[in-house]
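Chain residues, written in single-letter form:
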Amino acid sequence: MNSYFSSDFKLAILGGGQLGKMLLYETRKFDIQTAVLDPSNEAPSRIAANYFEQGNLMDFDTVYNFGKKADVVTFEIEAVNIEALEKLQSEGITVYPSPQTLRKIQDKGIQKDFYTEKNIPTAPYKRYPNLEALKLAITARQTSLPFVWKSTQGGYDGKGVQVVRSIDDLTKLIDVPCIAEEMIAFKNELAVIVVRNPNGEVRSYPVVEMEFHPEANQVEYVICPARIDEAVAQKARDIATKVSKAFEHVGLLAVELFQTQDDQIIVNEVAPRPHNSGHYSIEGSYTNQFEQHLRAILNLPLGETESKTGAVMVNLVGEEGYTGDVFYDKMENILTLKGVTPHIYGKRQTRPFRKMGHVTIVNSDLSEARKIAEEVKKTIKVITKI
């Protein structure tokens, strides 16, 4: 086994946002050397990495030259240059999750085709090379309204996703390769985080329930455990594990799911990295998702995935109408509430709906945690300095 701890071993992380920053809490805990590459000179991860480099994650030479200096390469964002990762892998650098896994996930059209091929339940869909082809399909009645439009690349936090209910809604769409997905009548949006190491050890976290902001299409609350029937929860974990095995991924895989009106579980999409739906685990789980990702990509034994207690996570996003230097209004007030831990990501500039932090509320009584979460949401406001 490699000696990762207090040694010359180097872990390279592509992307230096909040996920990278929280992953670095764990590398610090284990005293593992890290290098981070991010396009922003003010990336949240900058303060915690041993070495920080500013550069374009989609540029082949930048990613290749950065990765060459490391023993293992991982990423906290899918928008990275896959060809550079493939070349690093061919030259003996360990890359987890693998470029082969990332290729299947980075493009949502390919991801959906993969589910069909592997008999993984997912919403019916059609792929289109551009907006014109989609419009022609609607005119020819090959695709019927309403549907969910998704750009096949580059979407995140609700961007690149649009519900199309009328012909007028087509004017809101951008001209890119896309999929039109049948709208599913669902009871709940759920997620399961699955972790897998190169030895093939696989574990899943309890099912979480996600409550979304109606306008921004962003998660407002993540509730663990999900308030669903035990048989449905087991089905969700089984399907998420099946998805993990199909992708043969190493590291964390966040599997977003729909629970339909008749309690079927279908896969929405996946992310091969630590994920917003797992942030509760920092306070709520025996092994948080970031430590677990680290254990997996270093082929260490996986940690316990069960929860210590009930947990609800609230996203802190920029208030509408505020753009500029950030100010967290009424932070002191939420710190007086029971079981509350804020995580501030270190982004100096706020804008409407930008993810600026999150707050975890732990409580053995989940309904009490959810009440306190609502109080947190109503109290703290992410605005600008006066």
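These numbers were taken from a predicted model, which means no experiment stands behind them. (Residues numbered from 1 in each chain as written. Predicted model: local features only at pLDDT ≥ 70, side-chain atom pairs only at ≥ 80, totals over all residues. Heavy atoms only, no water.)

**Quick word on the side chain of Glu53**
With respect to the secondary-structure elements, Glu53 resides in strand E3 (residues 51-54). Within the local environment of Glu53, its side chain forms a polar contact with the side chain of Tyr51, the two groups lying 2.8 Å apart. Setting aside its immediate chain neighbours within four residues, Glu53 contacts Val36, Leu37, Asp38, Thr62, Phe66 and Lys69. (Helix = DSSP H or I, 4+ residues; strand = E, 2+ residues; numbered from the N terminus. Polar contact = N/O pair within 3.5 Å; in protein donor to acceptor, adjacent residues only side chain to side chain. Contact = heavy atoms within 4.5 Å.)

**Structural notes on empty space enclosed by the protein**
Enumeration according to the criterion identifies one cavity of 30 Å³ or more in this entry. Taken as a whole, the largest cavity spans an internal volume of roughly 40 Å³. Ala191, Val192, Ile193, Tyr205, Pro206, Val208, Ser277, Gly278 and Tyr280 together form the lining of the largest cavity. Take the lining of the largest cavity: its biggest share by element is three residues, from strand E10 (residues 186-196). Across the lining of the largest cavity, the residue classes tally to seven nonpolar, two polar and no charged. (1 Å grid on protein atoms, 1.4 Å probe; cavity = no way out; pocket = protein on both sides within 12 Å on 5 of 7 lines; lining within 4 Å. Points joined across faces, edges and corners; volume = space filled by probe spheres on them. Nonpolar A, V, L, I, M, F, W, Y, C, P; charged D, E, K, R; others polar.)

**Concerning the pattern of salt bridges**
According to the stated counting rule, one finds 25 salt bridges in the structure shown. A salt bridge links Lys29 to Glu291, with the shortest nitrogen-to-oxygen separation between them at 2.7 Å. Of the two residues, Lys29 is situated in helix H1 (residues 18-30) and Glu291 in helix H9 (residues 289-297); the sequence distance between them amounts to 262 residues. The class for Glu291 is buried, based on a relative accessible area of 9%. Between Glu269 and Lys150 there is a salt bridge, and its shortest N-O distance comes to 3.6 Å. Note that Glu269 is positioned in strand E15 (residues 265-271) and Lys150 in strand E7 (residues 147-151), a separation of 119 residues in sequence. Accessibility assignment for this pair places Glu269 and Lys150 in one class, buried. Residues participating in the shared-partner salt-bridge network are Lys108, Lys112, Lys150, Glu181 and Glu269. (Salt bridge = Lys/Arg side-chain N within 4 Å of Asp/Glu carboxyl O. Buried < 20%, exposed > 50% of the residue type's maximum accessible area, 1.4 Å probe, protein only.)

The quantities given are spatial measurements derived from coordinates; they are silent on function.
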